[in-house]
Amino acid sequence: MTISTAIIPAAGWGTRMLPASFSVPKELLPVFDRPSIDWVVAEALAAGITRIVLVTGRGKSGLMDHFDRHPHLEALLRRSGKDQPADLIVERARSATFIELRQGDARGLGHAVLCGEPATRGDRVAVLLPDDLYLGEPPALGDLIALSEQAPNKGVIGLLEVEPQDSRKYGMVGGTWQGDHMVIDRLVEKPEPHDAPSNYAITGRYILPTQVFDLLQQQGSGALGEIQLTDALQGLALDKGMLGLVPKARRFDAGDPEGLLIAGLRCALDHGSAELRARAQSELGR
Ligand code: G1P
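### What to know about the site of the ligand
Turning to step 1, where the next piece is worked out: Near the ligand, the surroundings consist of Leu 109, Leu 129, Asp 132, Tyr 170, Gly 171, Glu 189, Lys 190, Ile 202, Gln 228 and Thr 230.
Turning to step 2, where the next piece is worked out: Lys 190 places a polar side-chain atom, nitrogen or oxygen, 2.7 Å from an oxygen atom of the ligand.
Turning to step 3, where the next piece is worked out: About the coverage of the ligand: the protein hides 77% of its 380 Å² of free accessible area.
Turning to step 4, where the next piece is worked out: For the shell around the ligand, the per-class residue count stands at four nonpolar, three polar and three charged.

### Re the environment of Met 17
Turning to step 1, where the next piece is worked out: Structurally, the position occupied by Met 17 is in the loop between β1 (5-9) and β2 (30-31).
Turning to step 2, where the next piece is worked out: Once the C-alpha coordinates of Met 17 and Ile 49 are considered, the two residues, 32 residues apart in sequence, prove to be 28 Å apart.
Turning to step 3, where the next piece is worked out: What Met 17 contacts, discounting residues up to four positions off in sequence, is Lys 26, Leu 29, Ala 254, Gly 255, Asp 256, Pro 257 and Leu 260.

### So, the packing of aromatic side chains
Turning to step 1, where the next piece is worked out: Taken as a whole, this structure holds two aromatic pairs when the rule is applied.
Turning to step 2, where the next piece is worked out: Summarising the aromatic geometry, the rings of Phe 67 and Phe 98 are spaced 4.6 Å apart at their centres and angled 15° between planes, so their arrangement reads as stacked. Of this pair, Phe 67 sits in the loop between α2 (62-66) and α3 (71-79) while Phe 98 sits in strand β5 (residues 97-102), and the two are 31 residues apart along the sequence.
Turning to step 3, where the next piece is worked out: For Phe 67, a relative accessible area of 4% translates into the label buried.
Turning to step 4, where the next piece is worked out: Taking the centre distance of 5.1 Å and the plane angle of 70° together, the rings of Trp 177 and Tyr 200 count as edge-to-face. Here Trp 177, found in strand β9 (residues 171-178), pairs with Tyr 200, found in strand β11 (residues 200-209); they are 23 residues apart in sequence, far enough to count as distant.
Turning to step 5, where the next piece is worked out: A relative accessible area of 35% means that Trp 177 is categorised as partly exposed.
Turning to step 6, where the next piece is worked out: The aromatic ring of Trp 39 is capped on one face by Arg 34, whose charged end is 4.5 Å from the ring centroid.

What counts as what
- Note that residues are indexed from 1 along each chain, following the sequence as it is written.
- At least 70 in pLDDT is required for a residue's local features to be given in this predicted model, at least 80 for side-chain atom pairs to be given and counted, and no such filter applies to totals for whole chains, interfaces and linings, which use all residues.
- Side-chain metrics in this entry use all non-hydrogen atoms of the structure; hydrogen atoms and water are not considered.
- Any residue with a non-hydrogen atom lying within 4 Å of a molecule or strand is treated as near it.
- Any pair of nitrogen or oxygen atoms within 3.5 Å is treated as a polar contact; in protein, a donor-acceptor pairing is required on top of that, and neighbouring residues in sequence qualify only through side-chain atoms on both sides.
- For the area figures, the Shrake-Rupley method with a 1.4 Å probe applies, and any residue is considered shielded solely by the protein chains shown.
- In this classification, the charged set is Asp, Glu, Lys and Arg, the nonpolar set is Ala, Val, Leu, Ile, Met, Phe, Trp, Tyr, Cys and Pro, and all remaining amino acids, among them Gly, are polar.
- Runs of E in the DSSP output that reach at least two residues are strands. Runs of H or I that reach at least four are helices, and both are numbered from the N terminus.
- In what follows, a contact means two residues having at least one pair of non-hydrogen atoms within 4.5 Å.
- Each Phe, Tyr or Trp ring, with Trp reduced to its six-membered ring, pairs with another whose centre is within 6.5 Å; inter-plane angles below 30 degrees give stacked pairs, above 60 give edge-to-face pairs, and intermediate values give tilted ones.
- Think of it in three bands: with a 1.4 Å probe and only protein chains considered, a residue is buried below 20% of the maximum accessible area for its type, exposed above 50%, and partly exposed in between.
- Two conditions define a charge sitting above a ring: the NZ of Lys or the CZ of Arg must be within 6 Å of the ring centre, and it must be within 35 degrees of the ring normal.

See the structure below:
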């Protein structure tokens, strides 16, 4: 069965983004010419996803609005001969089925993923964390899906090699490399460096068999007193198995002002006009 649904947990407050995220959801802050969430959804669509489940919270309905039709604005644009931006609104809204579900309590990433279950279709689901922005080809999620097609019963996650002292910021994994992927046997959420099973961290891309929802239902609180997705994945590793790979696309930390700025620069250089590239390069040279 193909993987059609992606859950995007987006209920968090974005405390690393303050003051920019006081009144604007961090996922709507721009990376070059569009909100960061737009790039994440584009990656999912490029990998063949057709159903996007946004798990949001109070004050975050702007995310859903971004992917909705906008009849008044569309009419205004068309009246002024600006068909291209009007067409963009229509294309974006039609590019997938968008569903919003709410995470009432902030009980952790595992809980957020569980909140997306009612809108999930199929035997496997993709999860994309919008703080992890992957730019460029091939789409990072596509790398995971290709591996998942070879082992559809197992979970597949994106990995990133990090400095040992950064283990406290991530879920860390350990296992055995087989060619380009790791067969994972241990997953630990935000360990101290001496407890990390390797230098490979989980980045926010997952393909998970829907069995993960049963595991999450039974999952007690873990690190930071929250229901951790990583802890449920340890159960999956022991049962059906978990694989990990380092996606080929470039990863940026969009949950941090510096990471967001660098991602924006990358996009401007890749997608901006020749004039913009020249201006950016001269500005950086000063
Ligand atoms: C989450 C996950 C963690 C993963 C990280 C990647 O942590 O719990 O396992 O390594 O995303 O960005 P968070 O950044 O939400 O604390």
